[in-house]
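# Architecture at a glance
Given next are the chains, with one letter for each unit.
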Amino acid sequence: MVTLPRRAGRLEEVSTEVVTPAASAVFAPRSRSGVALRVTPVDEVGLEARARTFTTRSIKTTSKRAAINLAISCIDLTTLEGMDTPGKVAALCRKAVRPDPANPGLPSVAAVCVYPQMVPAAVLHTTGTGVHVASVAGAFPSGQSSMAVRVADIEQAVADGADEIDIVISRGAFLSGDYRYVFNEIEAQKVACGPAHLKVILETGELGSYDQIRKASMLAMAAGADFIKTSTGKVAQNSSMPVALCMAEAIRDYADQTGEIVGLKVAGGIRTAKQAWHYLVLIAETLGTQWLTPDLFRIGASSLLNDLLLQIQKLDTGRYSGPNYVSVD
Amino acid sequence: MAARLDVQKTYKLFIGGAFPRSESGRTFALLARNGSLIANVAQASRKDLRDAVVAARSAQPGWAARTAYNRGQILYRVAEVMESRRGEFAEDLNRCGVPIASARKEVERAIDRWVWYAGWCDKFHHLAGTVNSVAGPYFNFTMPEPTGVVGIVAPESPGLLGLVSRLAPALVSGNTAVVLTGEASPLTAVSLAEVVATSDVPGGVVNILTGATKEMLPWLLGHRDVNAVDLTGAPNLEAATVAEAAENVKRLIRGEPDDQSPYVIADFCEMKTVWHPVGR
């Protein structure tokens with residue numbers, strides 16, 4: 001038997017004191033209704049194991065059709081390219097209102113999601129259809145502008161007719177521990193939104209850990225977010241099942257603590273129908289079926305819609321379909 | 001010394017450059033004529049077929065965009081690697097009931113046929129394409145272009161030569177292929193897949209599914225993202241089955257199991273005609 005040599009005094013060399021930035025030590029956010037928030041740590045291994053179980057469900061025939069219809073009605077059909085034109089946005093809106101011209105029974109998507117400059121075009125082509133117009137704003141996707149510029153950006157988008165605003169938190173401030181700044185910034189942008197819904201993007205790929213994601217979720221909800229959203233789709237790491245589960249659990253716990261209901265939007269990298277219903281299962285089993293509505297759950301995507309249409313065609317015709325049978329985005 | 005344990009090969013599918021088991025988990029027993037077990041082979045399902053078509057579709061533009069010369073080099077490489085595994089191919093055929101002498105001969109002919117078709121990659125355009133005389137001041141060209149994703153029902157016999165005779169000409173022009181090998185000679189098909197996987201052929205260009213052709217053929221014919229199906233290995237199909245292909249105006253090809261001709265390459269092509277005004 002081998003005995004490890006004792007190193008005298010080793011414990012004493014390591015400080016057990018946890019160093020926290022001064023800002024966070026004094027900052028304890030409260031919910032809109034005044035409840036002080038507790039942010040508990042996340043069990044990383046348990047979270048990832050739980051997230052994996054959502055991908056193993058078998059969804060067939062009538063359930064599959066229901067899942068596809070629900071997924072379509074929860075989509076924020078998105079185009080966020082520097083090369084977007086009013087013409088392209090018009091085409092996107094037509095597709096949003098009637099996803100498959102050959103199949104009028106399908107629901108419309110929840111919203112189109114565009115850059116602020118494209119909002120007038122989107123409003124022009126969706127008025128009276130029930131499809132919302134979401135605009136990214138507030139120096140999307142970096143968020144690296146002054147508060148005044150970000151607020152003006154939002155006010156312009158709302159004035160042009162956007163009824164949903166997607167903003168991104170200042171990750172730099174959040175990561176350096178300046179939670180109060182992040183909180184105040186979201187609060188100010190919520191005021192700028194006026195009647196429009198506010199979706200707060202955490203950009204989880206840049207936050208570093210599930211604990212941070214949970215903390216940011218709580219912070220955003222307390223500061224007035226109507227939705228919290230995973231990512232911009234502009235960085236390498238997009239939405240994933242564990243990240244969405246982490247945020248859904250934060251929403252659930254926030255609702256338990258405060259009684260306030262906040263929605264979840266997953267975005268980035270969701271391209272296949274299968275992925276879409278993995279997320280539906282995640283929502284149903286974490287938050288409950290009351291969250292399975294476009295008012296509380298959104299999927300930000302562009303190519304996903306085509307894959308959902310192909311699956312519907314397969315169900316309708318009994319033949320595998322192909323990309324030639326849906327419109328090119 | 002203790003006798004060495006058998007190391008049995010698992011005969012799996014070939015989809016997108018990887019060797020997965022069937023999604024369904026099924027296998028079938030390949031039996032010799034005397035009823036003894038030769039091997040258990042993966043039995044593909046319609047979902048494996050679906051996955052194979054997705055792999056073939058995503059590989060097709062890249063394969064067609066390579067220069068004809070480069071496609072020729074890669075196909076020649078396939079023949080080189082087959083050459084180094086001649087013994088294995090002959091043994092596979094022999095285990096399925098072909099006498100060893102004729103098995104060796106068949107393997108040699110199959111390799112020679114790969115080489116022959118590889119050489120046509122940068123030459124068949126000159127044969128299949130034409131310059132047409134038209135009544136107007138135009139240059140008028142007809143050029144062969146790959147059809148796209150091609151389904152191939154491999155002939156049951158000859159096991160290796162039949163497969164090579166249908167697969168190689170399909171690849172020459174830039175098509176990608178989903179092959180149904182049937183249940184008669186899956187071993188050589190899996191060995192060929194291993195050759196393809198180690199011969200610089202991009203993943204998804206060749207996909208090989210072992211299993212019941214009868215079960216999967218209606219799905220292949222009905223698949224709207226498959227552009228052509230070679231029915232050489234399924235000569236006596238019911239009209240109702242073939243009608244599945246009509247829905248998306250699929251190209252159906254019927255040839256000979258042991259054919260070697262540049263016109264077979266053209267069978268797997270679409271002809272595009274271009275009118276260009278004559279300048280001064």
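All of these numbers come straight from a predicted model, not from anything done at the bench.

Turning our eyes to something else, we now look at the overall build of chain B. What chain B contains, in helices and strands, is 10 helices and 10 strands. Burial analysis of chain B (280 residues in total) assigns 50% to the buried set. Long-range pairs, those at least 24 residues apart, make up 76% of the contacts in chain B between residues at least 6 apart in sequence. For chain B, the exposed area adds up to about 12,900 Å²; of that, 53% sits on carbon and sulfur atoms.

This part takes up the packing of helix α2 (residues 68–84) of chain B against helix α4 (residues 100–120) of chain B. Residue and element names in this part refer to chain B. Running from amino to carboxyl end, α2 crosses α4 at an angle of 165°, the nearest separation of the two axes being 8 Å. For the element pair α2 / α4, the angle class is roughly antiparallel. Seen from above, α2 lies across α4 with left-handed handedness. The residues of α4 that touch α2, namely those facing G72, L75, Y76, V78, A79, M82 and E83, are A110, I111, W114, V115 and A118. In terms of residue class, the contact of α2 with α4 is built from 10 nonpolar, 1 polar and 1 charged.

In this section: the state of the cysteines. As enumerated under the stated definition, the model contains 0 disulfides over all chains in all. A:C113 supplies the cysteine sulfur nearest to A:C93, a cysteine that is in no disulfide, at a spacing of 11 Å. Overall, the relative accessible area of 0% leaves A:C93 in the buried class. We note that B:C121 lacks a disulfide partner, and the nearest cysteine sulfur, in B:C269, lies 11 Å from it.

It is worth spelling out the confidence of the model for chain A at this point. The predicted coordinates ought not to be read in detail in places where the model reports low pLDDT. In this model, chain A carries an average pLDDT of 90, and 92% of its residues clear a pLDDT of 70 or more. This stretch, residues 4–25 of chain A, has a pLDDT under 50; its non-local contacts, to residues over four places away or in other chains, come to 6 contacts.

Moving on to the sheet that holds strand β9 (residues 251–253) of chain B. All names here are of chain B. The strand order β7-β6-β5-β8-β9 describes an open sheet built from 5 strands, whose pairing is parallel. Two strands bound the open sheet, and with one partner strand each, they are β7 (206–209) and β9. Strand after strand, the sheet turns through a mean of 15° between neighbouring axes, direction not considered. The pairing of strand β5 (residues 149–153) with strand β6 (residues 176–180) spans 5 bridges and is classified as parallel. Across the sheet, residue I152 finds its bridge partner in β6, namely V179. Taken strand by strand, helix α1 (residues 46–65) contacts β5, β6 and β7, and its axis lies near 155° from that of β6.

With that out of the way, let us pick up the interface of chain B and chain A. Contacts between the two partners involve 11 residues from chain B and, on the opposite side, 12 residues from chain A. The contact between chain B and chain A buries some 1,100 Å² in all, and 48% of this surface belongs to carbon and sulfur atoms. The closest approach of N and O atoms between B:E244 and A:R319, which form a salt bridge, is 3.3 Å. For the pair chain B and chain A, the number of links is 3 residue pairs in polar contact (both at pLDDT 80 or more). Among the elements of the structure, α1 and α8 (213–222) of chain B are those that each provide at least two residues to the side of chain B that touches chain A. Ranked by residues supplied to the side of chain B that touches chain A, first place goes to α1(B) with 3 residues. Looking at the side of chain B that touches chain A residue by residue, the classes come out as 1 nonpolar, 3 polar and 7 charged.

Moving on, we get to the layout of surface pockets. In this model, the largest pocket occupies a volume close to 930 Å³. Lining the largest pocket are 32 residues, with A:D307, A:Q311, A:Y320, B:R50 and B:D51 sitting closest to its centre. No other element matches α1(B), which puts 7 residues into the lining of the largest pocket. Here the lining of the largest pocket is built from residues that sort into 9 nonpolar, 10 polar and 13 charged. Taken as a whole, the second largest pocket spans an internal volume of roughly 520 Å³. Contributing to the lining of the second largest pocket are 23 residues, with A:T78, A:L80, A:E81, A:A301 and A:S302 lying nearest its centre. For the lining of the second largest pocket, the elements supplying multiple residues, two or more each, are α5 (86–97), β7 (263–267) and β8 (297–301) of chain A.

Once that is clear, we can look at a nonpolar patch on the surface. Residue and element names in this part refer to chain B. A cluster of nonpolar side chains, namely V131, F139, F141, M143 and V278, defines an oily patch on the protein surface of about 450 Å² accessible area. Here the nonpolar patch gets 3 residues from one element, more than from any other, and that element is strand β4 (residues 138–146). Mapped onto the fold, F141 is located in strand β4.

Okay, the nonpolar core next. Residue and element names in this part refer to chain A. Counting residues in hydrophobic clusters, the biggest one holds 95 residues, and the most contacted among them are V112, I165 and V200. For this core, the element with the most residues is helix α11 (residues 241–258), which contributes 11 residues. Setting aside chain neighbours within four positions, we find V112 in contact with L77, L92, C93, A96, A122, T126, V131, H132, V133 and A134.

Another point: the sheet that holds β4(B). Residues and elements named next belong to chain B. Strand order in the open sheet formed by 3 strands is β3-β4-β10, and the pairing between neighbours is antiparallel. Of all the strands in the sheet, the pair left with one neighbour each is β3 (130–131) and β10 (269–277). Judged from the 2 bridges that link them, β3 and β4 form a sheet pairing that is antiparallel. By the bridge assignment, V131 is partnered in β4 with F141.

This next bit is on the pattern of salt bridges. All told, the structure shown has 35 salt bridges over all chains when counted by the stated rule. Two residues, A:R150 and A:E185, come together in a salt bridge whose shortest N-O distance is 2.8 Å. Of the two residues, A:R150 is situated in helix α7 (residues 147–159) and A:E185 in helix α9 (residues 179–193); the sequence distance between them amounts to 35 residues. Note that B:R26 is salt-bridged to B:E215, the shortest N-O span being 2.9 Å. Within this pair, whereas B:R26 is found in the segment before β1 (27–31), its partner B:E215 is found in helix α8, the two being separated by 189 residues in sequence.

All right, on to the packing of aromatic side chains then. Enumeration according to the criterion identifies 8 aromatic pairs over all chains in this entry. Taking the centre distance of 5.5 Å and the plane angle of 45° together, the rings of A:Y320 and B:W219 count as tilted. Placement of the pair is A:Y320 in the segment after α13 (304–317) and B:W219 in helix α8, with the two residues belonging to separate chains. Its relative accessible area of 6% is what places A:Y320 among the buried residues. The interplanar angle of 80° and the centroid separation of 5.6 Å between the aromatic rings of B:Y138 and B:W275 together place this pair among those described as edge-to-face. Placement of the pair is B:Y138 in strand β4 and B:W275 in strand β10, with a sequence separation of 137 residues. On the basis of relative accessible area, B:Y138 is assigned to the partly exposed category, the value being 38%. Among the aromatic residues, those joined into a cluster by ring pairs are B:W116, B:Y117 and B:W120. Against the face of B:W219 rests B:R46, its NZ or CZ located 4.7 Å from the ring centre.

Reading the values: rules and limits
- Residues numbered from 1 in each chain as written.
- Chains lettered and ligands numbered in written order.
- Predicted model: local features only at pLDDT ≥ 70, side-chain atom pairs only at ≥ 80, totals over all residues.
- Heavy atoms only, no water.
- Helix = DSSP H or I, 4+ residues; strand = E, 2+ residues; numbered from the N terminus.
- Buried < 20%, exposed > 50% of the residue type's maximum accessible area, 1.4 Å probe, protein only.
- Contact = heavy atoms within 4.5 Å.
- Areas by Shrake-Rupley, 256 points an atom, 1.4 Å probe, with all protein chains shown as cover.
- Axes fitted to C-alpha atoms, helices over the stretch in contact; angles between N-to-C directions.
- Parallel < 35°, antiparallel > 145°, perpendicular 65-115°, else oblique.
- Left-handed = near helix turned anticlockwise from the far one by under 90°.
- Nonpolar A, V, L, I, M, F, W, Y, C, P; charged D, E, K, R; others polar.
- Disulfide = S-S within 2.5 Å.
- pLDDT = per-residue confidence, 0-100.
- Pairing = 2+ DSSP bridges.
- Buried area = accessible area lost by both parts, 1.4 Å probe.
- Salt bridge = Lys/Arg side-chain N within 4 Å of Asp/Glu carboxyl O.
- Polar contact = N/O pair within 3.5 Å; in protein donor to acceptor, adjacent residues only side chain to side chain.
- 1 Å grid on protein atoms, 1.4 Å probe; cavity = no way out; pocket = protein on both sides within 12 Å on 5 of 7 lines; lining within 4 Å.
- Points joined across faces, edges and corners; volume = space filled by probe spheres on them.
- Patch = residues over 30% accessible without salt bridge, like charges linked within 9 Å, V, L, I, M, F, W, Y side chains within 5 Å.
- Core = buried A, V, L, I, M, F, W, Y, C linked by side-chain atoms within 4.5 Å.
- Phe/Tyr/Trp six-rings, centres within 6.5 Å; stacked < 30°, edge-to-face > 60°.
- Lys NZ or Arg CZ within 6 Å of the ring centre and 35° of its normal.

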